[in-house]
Amino acid sequence: CMKDGAMTGSIAGLKRFTSPVKGRGLQVTRPFKVGELLFSSPAYSCVLSVKERGSCCEFCFSRKEGLARCGKCRKACYCDLKCQKGDWPMHKLECSAMTAFGENWCPSETTRLVARILAKKKMQKEPSASEKMLLIGELQSHLEDEDNEKREGTEADIAALYRFYSKHLEMPDHKDLLTLYSQVACNGFTVEDDELFQMGAAIYPDVALINHSCLPSVIVTYNGTSSEVRAVQNMKPGDEVLISYIDLLYPTEDRNKRLRESYYFTCDCNECKTKSKDNAKVKVRKRSDPFEPQVISNMVRYGRNSIREFRFKCLNSLARPSELLEMCEQSLEEMGAVFDDSNVYMLHMMYQAMGVCIYMQDADGAIRYGKKLLKPYSKLYPPYSLNVSSMYLKLGRIYMNVERRSEGVSALKKALAIMEVAHGKDHPYIKEVRREMGQK
Ligand SMILES: [Zn+2]
Ligand SMILES: [Zn+2]
Ligand SMILES: [Zn+2]
């Protein structure tokens, strides 16, 4: 590949830009076809989620059997000595503290990532990466936009940072810490597997340059701890590189609320202007005398509340799985009086219900919900959506598990068609799915 050796901070075929309206962003300087790799980017810093501990290597995020445990804490797991050695500069921040604090060791994932960034900053003076377009210090922060609730959350995180990490870190002053937390909140990536299951969190400065659109031109996937950016639309020189920061299932108003709350901007992409999918997304049942607008907007409010309530109960472990399932069924019944089965608030609760069924190993229940989700998902998400491929993958794997092979293979094939574009044909996930299908 050609490298722009003379210019520091560049990747062939891509250019960083700054505009008065959009701020900074990334554009292509040559054509890219659907499925083509724009660039891949190693993590500046990353951390494996606590719940993945034991199933994945803490260093390379490989999911496999027979990982070896750290002899000191007996918690962190590794492929081999090489991975363990590679991880030690970061793992040592936590190894002895986890033993010392025992059950009380509970920093948030953000705090764990911040600790690693601080350690990394100390280890290497920054301007060394000649191929980096954006340096970690240049990441955007929105400190001045944060409300009290957010600030309180960060203060609690900072207290935990001092409590669990001060032995190993020189802490910067308070203002700098607040800024770093804000940078991580706006620029951090959730590393997800092929089923969109959260594996960890990471910082990819170059990917953080990419602006948002509800009609993204590229998609980010993960290969180990690296991120890969591939085109999901044919691009011509000068086109902006755009990813989606959020779940695109929801109608325009919901998407922009989410963008304002988390990223402090309102989207003005074509989909946000035309709202072309909003009617399909909030589809109501067909009746001879149509519903009053008031009835529909009340039900939308009910749907949003149900989503919030469900999330709250899950996050705080306030309900048993059977209670969660009942909650889903109840709200589906309530909404079903007004909403069509393809309405996104219905789909959201069906998705949650499917997750609970999978957790409870109720294959029939999971299949029942999964089947209902697929068609509307394919229609409401943009083409080559990971939400759609992961749904085909989940359903396909359940079918294979209960020996419904032909249905399984057919679902896995649909997943592959999307993943070959999003993940690239040589991704380990693709090989794994082919193996599951009984192909080479
Ligand atoms: Zn490893
Ligand atoms: Zn350890
Ligand atoms: Zn938009």
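The name an unreviewed UniProt entry gives the chain is [histone H3]-lysine(4) N-trimethyltransferase, with Nothobranchius furzeri as the organism. The UniProt entry for the chain carries the following text under Catalytic activity (unreviewed entry): "L-lysyl(4)-[histone H3] + 3 S-adenosyl-L-methionine = N(6),N(6),N(6)-trimethyl-L-lysyl(4)-[histone H3] + 3 S-adenosyl-L-homocysteine + 3 H(+)".

*Asks:* Go over the overall build of the chain, please, and point to the residues and values.
*Replies:* Helix and strand counts for the chain stand at 16 helices and 12 strands. Computed over the C-alpha atoms, the radius of gyration of the chain is 23 Å, within 12% of the 22 Å expected from 2.2 N^0.38 for a compact globule of 440 residues. Taking all 440 residues of the chain together, the buried fraction comes to 36%.

*Asks:* Explain the sheet that holds strand β7 (residues 188–192) residue by residue, including any values.
*Replies:* Pairing is antiparallel across the open sheet formed by 3 strands, whose spatial order is β4-β8-β7. Pairing within the sheet leaves two strands with one partner each, and these edge strands are β4 (45–48) and β7. Sheet twist, expressed as the mean angle between neighbouring strand axes with direction ignored, is 25°. Bridge analysis of β7 against strand β8 (residues 198–203) gives 5 bridges, and the strand direction is antiparallel. When the sheet's bridge partners are listed, G188 is paired in β8 with I203. Strand contacts of helix α3 (residues 109–123): β4, β7 and β8, with the helix running at about 140° to β4, the strand carrying the most contacts.

*Asks:* Summarise the sheet that holds strand β11 (residues 226–231); cite the residues concerned and give the values.
*Replies:* Backbone-to-backbone hydrogen bonds join strands into a sheet, with any given pair of strands oriented parallel or antiparallel. Pairing within the open sheet is antiparallel, and its 3 strands lie in the order β3-β11-β10. Edge positions in the sheet fall to β3 (37–41) and β10 (218–223), since each of these pairs with one other strand and no more. Averaged over all adjacent pairs, the angle separating strand axes in this sheet is 20°, with direction ignored. The pairing of β3 with β11 spans 4 bridges and is antiparallel. Bridge pairing in β11 places S40 opposite E228.

*Asks:* So what's going on with the UniProt feature "domain: MYND-type" (unreviewed entry) in the chain? Which residues, and what values?
*Replies:* According to UniProt, the feature "domain: MYND-type" (unreviewed entry) maps to residues 57–95 in the numbering used here. Secondary structure content for residues 57–95 is 31% helix and 10% strand, while the C-alpha to C-alpha distance between its ends is 15 Å.

*Asks:* Please provide a residue-by-residue account of the nonpolar core, values included.
*Replies:* With 104 residues, the main nonpolar core has M350, A353 and A415 as its most contacted residues. Of the residues forming this core, the biggest block, 10 residues, is contributed by helix α12 (residues 344–359). When sequence neighbours within four positions are dropped, the list of residues in contact with A353 reads L325, C328, E329 and Y369.

*Asks:* Which residues make up the packing of α3 against helix α4 (residues 148–165), and what values do they have?
*Replies:* α4 packs onto α3 with a crossing angle of 60° between their chain directions and a minimal axis gap of 10 Å. The orientation of α3 with respect to α4, classified from their angle, is oblique. In this structure, α3 crosses over α4, and the sense of that crossing is right-handed. Every residue of α4 that contacts α3 at T110, T111, V114 and A115 is listed here: D157, A160, L161 and Y165. A class-by-class count of the residues in the contact of α3 with α4 yields 5 nonpolar, 2 polar and 1 charged.

*Asks:* For the pairing of β4, give the residues involved together with the corresponding values.
*Replies:* Side-chain alternation along β4 places S45 and V47 on one buried face and C46 and L48 on a second face that is also buried. Inspection of the sheet shows β4 paired to β8 by 4 bridges, in the antiparallel sense. Bridge pairing links L48 to G200 in β8.

*Asks:* Lay out helix α14 (residues 386–401) with the relevant residues and their values.
*Replies:* A rise of 1.5 Å per residue sets the reference length of α14, with its 16 residues, at 22 Å; its end C-alpha atoms lie 22 Å apart and thus fit the reference within 8%. Taking burial as the measure, the 16 residues of α14 include 12 buried ones, the bulk of the element. Taken together, the buried positions of α14 are L386, V388, S389, S390, M391, Y392, L393, K394, L395, G396, I398 and Y399. Here the buried face of α14 lies against β10, α13 (363–380) and α15 (405–422).

*Asks:* Can you break down unusual backbone geometry residue by residue, with the values?
*Replies:* A negative phi angle characterises most non-glycine residues, just as the trans form characterises most peptide bonds. Positive phi is not limited to glycine here, since L196 has a value of about 65°. Within the secondary structure, L196 sits in the loop between β7 and β8. On the basis of neighbour counts, which here come to 15 C-beta atoms within 10 Å, the residue L196 falls in the partly exposed class. Of note in the backbone geometry, E403 takes a positive phi value of approximately 65° without being a glycine.

*Asks:* I'd love a proper account of the packing of helix α11 (residues 321–336) against α12, names of residues and values included.
*Replies:* The N-to-C vectors of α11 and α12 enclose an angle of 155°; their axes lie 9 Å apart at closest approach. It follows that α11 is roughly antiparallel to α12 by the angle criterion. Read as a crossing pair, α11 and α12 show a hand that is left-handed. The segment α11 lies against α12, with P321, L324, L325, C328, E329, S331, L332, M335 and G336 engaging Y345, M346, M349, M350, Q352, A353, V356 and Y359. Each residue belonging to the contact of α11 with α12 can be placed in one class, and the counts come to 13 nonpolar, 3 polar and 1 charged.

*Asks:* Go over the environment of S317 with me, naming the residues and quoting the values.
*Replies:* Looking at the element boundaries, S317 is found in the loop between α10 (293–315) and α11. Owing to 7 C-beta atoms within 10 Å, S317 belongs among the exposed residues under this scheme. Note: C-alpha distance between S317 and H348 (31 residues apart in sequence) is 19 Å.

The rules we used
Residues numbered from 1 in each chain as written. Chains lettered and ligands numbered in written order. Predicted model: local features only at pLDDT ≥ 70, side-chain atom pairs only at ≥ 80, totals over all residues. UniProt positions renumbered as here; feature names shortened; annotations may be inferred. Helix = DSSP H or I, 4+ residues; strand = E, 2+ residues; numbered from the N terminus. Rg over C-alpha atoms; globule rule 2.2 N^0.38 Å. Buried ≥ 20, exposed ≤ 12 C-beta atoms within 10 Å, placed from the backbone. Pairing = 2+ DSSP bridges. Axes fitted to C-alpha atoms, helices over the stretch in contact; angles between N-to-C directions. Contact = placed C-beta atoms within 7 Å. Core = buried A, V, L, I, M, F, W, Y, C linked by C-beta atoms within 7 Å. Parallel < 35°, antiparallel > 145°, perpendicular 65-115°, else oblique. Left-handed = near helix turned anticlockwise from the far one by under 90°. Nonpolar A, V, L, I, M, F, W, Y, C, P; charged D, E, K, R; others polar. Expected span 1.5 Å × (residues − 1).

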